[in-house]
Amino acid sequence: MSEFDLLLREQAPQVLSALVRHYGHFDLAEEAVQEALLAATQQWPSEGVPDNPRGWLIRVGSRRLTDLLRSESARRRREENAAHLAAPEEFVASGPEIDDPGGRDDTLTLLFLCCHPALSPASQIALTLRAVGGLTTAQIAAAFLVPEATMAQRISRAKRSIKQAGSSFEMPPEAERDERMGAVLHVLYLIFNEGYTASSGTSLHSAELTTEAIRLVRGVRKLLPDDGEVAGLLALMLLTDARRPARTGAEGSLIPLAEQDRSKWNKATIVEGEALVTDALSRSQLGPYQVQAAIAAVHDTAEHADDTDWRQIVALYDVLEQLVDNPMVKLNHAVAVAMAVGPKEGLAVLEPLEADDRMNHRLEAVRAHLLEMSGDTAAARESYLLAARRTTSVPERNYLQSKADRLA
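The rules we used
Residues numbered from 1 in each chain as written. Predicted model: local features only at pLDDT ≥ 70, side-chain atom pairs only at ≥ 80, totals over all residues. Heavy atoms only, no water. Helix = DSSP H or I, 4+ residues; strand = E, 2+ residues; numbered from the N terminus. Rg over C-alpha atoms; globule rule 2.2 N^0.38 Å. Buried < 20%, exposed > 50% of the residue type's maximum accessible area, 1.4 Å probe, protein only. Areas by Shrake-Rupley, 256 points an atom, 1.4 Å probe, with all protein chains shown as cover. Lys, Arg positive; Asp, Glu negative; His and termini not counted. Charge placed at Lys NZ, Arg CZ, Asp CG, Glu CD. Disulfide = S-S within 2.5 Å. Expected span 1.5 Å × (residues − 1). Contact = heavy atoms within 4.5 Å. Phe/Tyr/Trp six-rings, centres within 6.5 Å; stacked < 30°, edge-to-face > 60°. Patch = residues over 30% accessible without salt bridge, like charges linked within 9 Å, V, L, I, M, F, W, Y side chains within 5 Å. Salt bridge = Lys/Arg side-chain N within 4 Å of Asp/Glu carboxyl O. Core = buried A, V, L, I, M, F, W, Y, C linked by side-chain atoms within 4.5 Å. Domains from an automatic or database assignment. pLDDT = per-residue confidence, 0-100.

Draft legend 1. Looking closely at the overall build of the chain. Scanning the chain from terminus to terminus reveals 19 helices and two strands. By the compact-globule yardstick of 22 Å for 408 residues, the chain fits well, its C-alpha radius of gyration being 24 Å. Expressed as lengths along the three principal axes of its C-alpha atoms, the size of the chain is roughly 80 × 45 × 45 Å. Counting only residues that meet the buried cut, the chain has 50% of its 408 residues in that class. For the chain, the accessible area works out to roughly 19700 Å², and carbon and sulfur atoms hold 49% of it. Charged side chains in the chain number 43 positive and 58 negative. The centres of these two groups are separated by 4 Å.

What follows is the structure, given as structure tokens:
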């Protein structure tokens, strides 16, 4: 991403926040911001970036939003022939002079709005990427491998749901804040995960999504520098993303953690992530993102796969299972137990997951791995084949099929 594109993405949520705070009308404000960003891409390359980019974008967006509100007001008057339905005066007054003292940053408020509990997780993700991330609808649709029209409908429904819920542009009440903050971090976590291991399609990962998730969490951390879970989530993303250069082969094939060339890992990112989680663990209340980051740090600081301290990882998963009820945690715990103690013990940890309807192909993939470790190659091959049939990711399917073929 160029410095120019990065600047626009950084400014987009702050400009949108200023317009929504001043005018309301989230959906129209978001449309106005997109047009302001488009105007910037057309004018700034030739005229130069203004001294106050955010102020410039706010002025242009405000003018466009004023036009949209006037048009909307006129439409209502025509349709209902009722003059009293005209927009309030402040909605059609001169927009370019929005008072934005001190460059007020309402990005966190905007994140809370995008992660409103009235929305489904899929809608929260889409709206966050559009409104806070500054991605176009086409970019979001491409990342999730759905038609642009489908994603546009999803984003439109999300905006309507927020409007119908009667939400105002303000921080939620203190009693709700922790719960809503958890939703914000979860959405950013899901965006990163979808980017790091795409749930479907021909590519293993989408660097655009992982980069955007990391950028957004960095932004949240600037606003909440003392929040241990924000630091933990950023550390987890950095420590995980540091391995990305070694995760795929020349043709995009999946390379598992134990077989990766660790010299390709991003050492600077690992150092930053390890420092973040160490600091958070030393002075914050323990949370699940911090524990997951600590697990990632144990993996990343092992010079070779054989040097991994699996007993420490098992102990960390014991702690994590006390904090969250998540089948993926249990699944990874089983692998750690198998590596630290033995495959039979790991398979025993998997047993409670058999009846969990939240599981997907990963249960069979892990079972196959542990069965192969135990020497039961016939059963392992069957599980690899079943996992390959269930996954919608082409690189994962090819990898699982190749594992089954080697056991034939």
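Draft legend 2. Seen up close, the state of the cysteines. All told, the structure shown has zero disulfides when counted by the stated rule. Counting only cysteine sulfurs, Cys-115 is the nearest neighbor of Cys-114, a cysteine outside any disulfide, at a range of 6.5 Å. A residue is classified by how much of its surface remains accessible, and Cys-115, at 1% relative accessible area, is buried.

Draft legend 3. Structural context of the environment of Asn-266. You can see Asn-266 is positioned in the loop between helix H11 (228-241) and helix H12 (267-283). For the pair Asn-266 and Arg-243, spaced 23 residues apart in sequence, the C-alpha to C-alpha distance is 6.7 Å.

Draft legend 4. How the structure looks around helix H9 (residues 174-196). Counted at 1.5 Å a residue, the expected span for H9 with its 23 residues is 33 Å, and the 33 Å between its end C-alpha atoms agrees. If you check which residues of H9 are buried, you get Arg-180, Met-181, Val-184, Leu-185, Val-187, Leu-188, Tyr-189, Ile-191, Phe-192, Glu-194, Gly-195 and Tyr-196. Buried residues along H9 sit in contact with helix H5 (107-114), helix H6 (121-132), helix H7 (137-143), helix H10 (207-223), H11 and helix H13 (288-300).

Draft legend 5. Structural detail: the environment of Gly-375. Position of Gly-375 among the secondary structure elements: in the loop between helix H17 (361-374) and helix H18 (377-390). Residue classification places Gly-375 among the exposed positions, given a relative accessible area of 52%. Between the C-alpha atoms of Gly-375 and Pro-343, which are 32 residues apart in sequence, the distance is 9.4 Å.

Draft legend 6. Expanded view of the packing of aromatic side chains. Under the criterion given, the structure shown has three aromatic pairs. Taking the centre distance of 5.2 Å and the plane angle of 70° together, the rings of Trp-44 and Trp-56 count as edge-to-face. Taken as a pair, Trp-44 in helix H2 (residues 26-47) and Trp-56 in helix H3 (residues 53-80) lie far apart in primary sequence, twelve residues in all. For Trp-56, a relative accessible area of 15% translates into the label buried. Centroid distance Phe-192 to Tyr-196: 5.8 Å. Interplanar angle 10°. Geometry classified as stacked. With a gap of four residues between them, Phe-192 and Tyr-196 both fall in helix H9, about one helical turn apart.

Draft legend 7. Spotlight on a nonpolar patch on the surface. Residues Leu-281, Leu-286, Val-319 and Leu-323 make up a contiguous nonpolar surface patch of about 300 Å² in total accessible area. Along the chain, Leu-281 turns up in helix H12. Taking relative accessible area as the criterion, Leu-281 reaches 38% and is therefore assigned partly exposed.

Draft legend 8. Inspection of the nonpolar core at higher detail. If you look at the biggest cluster of nonpolar residues, it comprises 108 residues, and the most contacted ones within it are Phe-26, Leu-57 and Leu-188. Top element by residues in this core is H2. It accounts for ten residues. Inspection of this core shows a minimum of three residues originating in each of domain 1 (1-103) and domain 2 (320-408). Setting aside chain neighbours within four positions, we find Leu-57 in contact with Leu-8, Gln-11, Val-15, Ala-36, Leu-37, Ala-40 and Trp-44.

Draft legend 9. Geometry of the pattern of salt bridges. Considering all chains together, one arrives at 18 salt bridges under this definition. The partner of Asp-67 in a salt bridge is Arg-70, with the nearest N and O atoms 4.0 Å apart. Of this pair, Asp-67 and Arg-70 both sit in helix H3, separated by three residues, roughly a single helical turn. For Arg-283, the salt bridge goes to Asp-279, with nearest N and O atoms at 2.8 Å. With a gap of four residues between them, Arg-283 and Asp-279 both fall in helix H12, about one helical turn apart. Asp-279 gets classed as partly exposed once you look at its relative accessible area, which sits at 31%. Salt bridges linked by common partners bring Arg-9, Glu-208, Glu-212 and Arg-215 together as one network.

Draft legend 10. Local environment of the confidence of the model for the chain. Summary statistics for the chain give a mean pLDDT of 86 and a share of 91% for residues scoring 70 or more. Ranking the elements of the chain by mean pLDDT puts helix H4 (residues 89-92) last with 36 and H13 first with 98.

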